[in-house]
Amino acid sequence: MKTEETQACLQQAPSATPFGSEHGAAGGEVCAGCESPIADRFLLRVNERSWHETCVKCAVCMSALSGTCYCRDRLLYCKHDYEK
Ligand SMILES: [Zn+2]
Ligand SMILES: [Zn+2]
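What this report covers is the structure whose coordinates are included nearby. (Residues numbered from 1 in each chain as written. Chains lettered and ligands numbered in written order. Predicted model: local features only at pLDDT ≥ 70, side-chain atom pairs only at ≥ 80, totals over all residues.)

**Quick look at the overall build of the protein chain**
Filter applied, for reference: Helical segments are the DSSP runs of H or I of at least four residues, strand segments are the runs of E of at least two, and each set is numbered from the N terminus. Put simply, a residue is buried when 20 or more other C-beta atoms lie within 10 Å of its own C-beta and exposed when 12 or fewer do; between those, it is partly exposed, and each C-beta is set from the backbone.
A tally of helices and strands in the protein chain yields one helix and five strands. Its helices and strands in sequence order give the protein chain the pattern β-β-β-β-β-α, from N to C terminus. Looking at the 84 residues of the protein chain, the share that counts as buried comes to 24%.

Right, dumping it as C-alpha cells:
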C-alpha cells in the first residue's frame, strides 16, 4: 500500500517563463537539486520545485530522469529505485 506522495511529475516549462527574464537569475528560481540559481532558458518543474535539467536525476543511481520521475522525501528516483 503506497500512501506516501507519489508523483510522476516531470514538466518542461516553455522557454518563455512566467518571469520573462532573459538575463538569468533575476527570476529568483533556485534549483532544488544544487541550490544554484537557474539561469537556463528552461527549467524543470518537479514536485512544485524548480530544477536544472541536469539536476533531475535519480538520488540512488544518478541516472538522468527524462519523462518520468518519482518523488519521495524531496528526492527524485527512477522507477527502478523507487520501487525497491
Ligand atoms: Zn541544479
Ligand atoms: Zn535510479
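**Here we look at the nonpolar core**
To keep it simple, the criterion reads: For the purposes of this analysis, a nonpolar core is taken to be any set of buried Ala, Val, Leu, Ile, Met, Phe, Trp, Tyr and Cys residues that are connected through C-beta atoms within 7 Å.
The biggest cluster of nonpolar side chains holds 15 residues, and the ones touching the most others in it are C31, V46, W51, C69, Y70, C71 and L76. Taken together, the elements giving at least two residues each to this core come down to β2 (44–46), β4 (70–72) and β5 (75–77).

**Here we look at unusual backbone geometry**
Trans is the prevailing form of peptide bonds, just as negative phi is the prevailing case for residues other than glycine. One non-glycine residue with positive phi stands out, namely E35, at about 65 degrees. Following the sequence through the fold, E35 ends up in the loop between β1 (11–12) and β2. For E35, a count of 8 C-beta atoms within 10 Å translates into the label exposed. The residue R74 is not glycine, and still its phi comes out positive at about 65 degrees.

**Observations regarding the environment of E29**
Worth spelling out the cut-off: The contact rule is simple: place each C-beta atom from the backbone, and if two of them lie within 7 Å, those residues are in contact.
As for its position among the elements, E29 is in the loop between β1 and β2. Exposure remark for E29: the 23 C-beta atoms within 10 Å place this residue in the buried category. Along the primary structure E29 and R49 are separated by 20 residues, whereas in three dimensions their C-alpha atoms are 8.9 Å apart. Discounting residues that sit within four places of it in the chain, E29 has contacts with P37, I38, L43 and S50.

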